[in-house]
Amino acid sequence: MRAATRRAGGAGLALAAVLLICALGLVVSGLNSSYLIVVCVVALVPGMLGLGLLSGSRRILRGEIQGATYAIGLLATMSGLAALGTVGALIDGPWGAKIIMVVLLSGTIGTAVLVARAERALKGQYSAR
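Parameters at a glance
Residues numbered from 1 in each chain as written. Predicted model: local features only at pLDDT ≥ 70, side-chain atom pairs only at ≥ 80, totals over all residues. Heavy atoms only, no water. Axes fitted to C-alpha atoms, helices over the stretch in contact; angles between N-to-C directions. Helix = DSSP H or I, 4+ residues; strand = E, 2+ residues; numbered from the N terminus. Parallel < 35°, antiparallel > 145°, perpendicular 65-115°, else oblique. Left-handed = near helix turned anticlockwise from the far one by under 90°. Nonpolar A, V, L, I, M, F, W, Y, C, P; charged D, E, K, R; others polar. Contact = heavy atoms within 4.5 Å. Core = buried A, V, L, I, M, F, W, Y, C linked by side-chain atoms within 4.5 Å. Buried < 20%, exposed > 50% of the residue type's maximum accessible area, 1.4 Å probe, protein only. Expected span 1.5 Å × (residues − 1). Bend = angle between axes of the 7 residues up to and from the residue. Polar contact = N/O pair within 3.5 Å; in protein donor to acceptor, adjacent residues only side chain to side chain.

1. With respect to the packing of helix α1 (residues 2–29) against helix α2 (residues 36–61)
Step number 1: Taken N-terminus to C-terminus, the directions of α1 and α2 make an angle of 165°; their axes are 8 Å apart at the nearest point. Relative to α2, α1 is oriented roughly antiparallel. Classified by chirality, the crossing of α2 by α1 is left-handed.
Step number 2: Here the contact of α1 with α2 is built from residues that sort into 21 nonpolar, seven polar and three charged.

Here it is, written out as structure tokens:
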């Protein structure tokens, strides 16, 4: 059980860091734009998901089942958004965007699988009490 929570928490923290870096990159790239407000609003999506996943992953590392349940909800939302972004990048995007979006989608799905395993392990621990 401990190994499952460590893997899930570590993957969640890594994915949260990537999302926060993406949000920061969006804001920095839009600083010279006349559409700064729009860029900041768009940057809120990965930023809020990243902060939520950061919180949920820390709770998973502490062995709290609520953290796993919360993270699964965030990952479901994020995988839908990442899938839409990946389709858009594959249809009409530069190669860099295609690669980044496919890696982000793969990372999101992989993290969801690890968190689901950790949740099952935590449920087994709580039901044994």
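2. Re the packing of α2 against helix α3 (residues 65–92)
Step number 1: The interhelical angle for the contact between α2 and α3, taken along N-to-C directions, is 150°, at an axis separation of 8 Å. In terms of orientation, α2 and α3 fall into the roughly antiparallel class. The handedness of the crossing between α2 and α3 comes out as left-handed. Packed against α2, whose contacting residues are Val45, Leu49, Gly52, Leu53, Gly56, Arg59 and Ile60, the element α3 presents Gln66, Gly67, Ala68, Tyr70, Ala71, Leu74, Leu75, Thr77, Met78 and Leu81 at the interface.
Step number 2: Class assignment for the residues of the contact of α2 with α3 results in 11 nonpolar, five polar and one charged.

3. Examining the nonpolar core
Step number 1: Leu15, Leu53, Ile60, Leu75, Met78 and Val115 are the most contacted members of the largest nonpolar core, which has 20 residues in total.
Step number 2: For this core, the elements supplying multiple residues, two or more each, are α1, α2, α3 and α4 (95–127).
Step number 3: Not counting residues up to four positions away in its chain, the partners in contact with methionine 78 are Leu15, Leu19, Leu49, Leu53 and Thr108.

4. Remarks on α2
Step number 1: Here α2 spans 36 Å end to end across 26 residues, near enough to the 38 Å set by a 1.5 Å rise per residue.
Step number 2: A maximum bend of about 30° is found in α2 at leucine 44, where proline proline 46 lies one to four positions downstream.
Step number 3: Listed as buried for α2 are Val39, Ala43, Pro46, Gly47, Leu49, Gly50, Gly52, Leu53, Gly56, Ser57 and Ile60.
Step number 4: Where α2 terminates, the next one or two residues include glycine 63, which has phi positive at roughly 85°.

5. Section: the side chain of threonine 111
Step number 1: Assignment of secondary structure puts threonine 111 in helix α4.
Step number 2: A polar contact is formed between the side chain of threonine 111 and the backbone oxygen of glycine 107, at a distance of 2.7 Å.
Step number 3: Ignoring anything within four residues of it in the chain, the contact list for threonine 111 reads Ala11, Gly12, Leu15 and Leu75.

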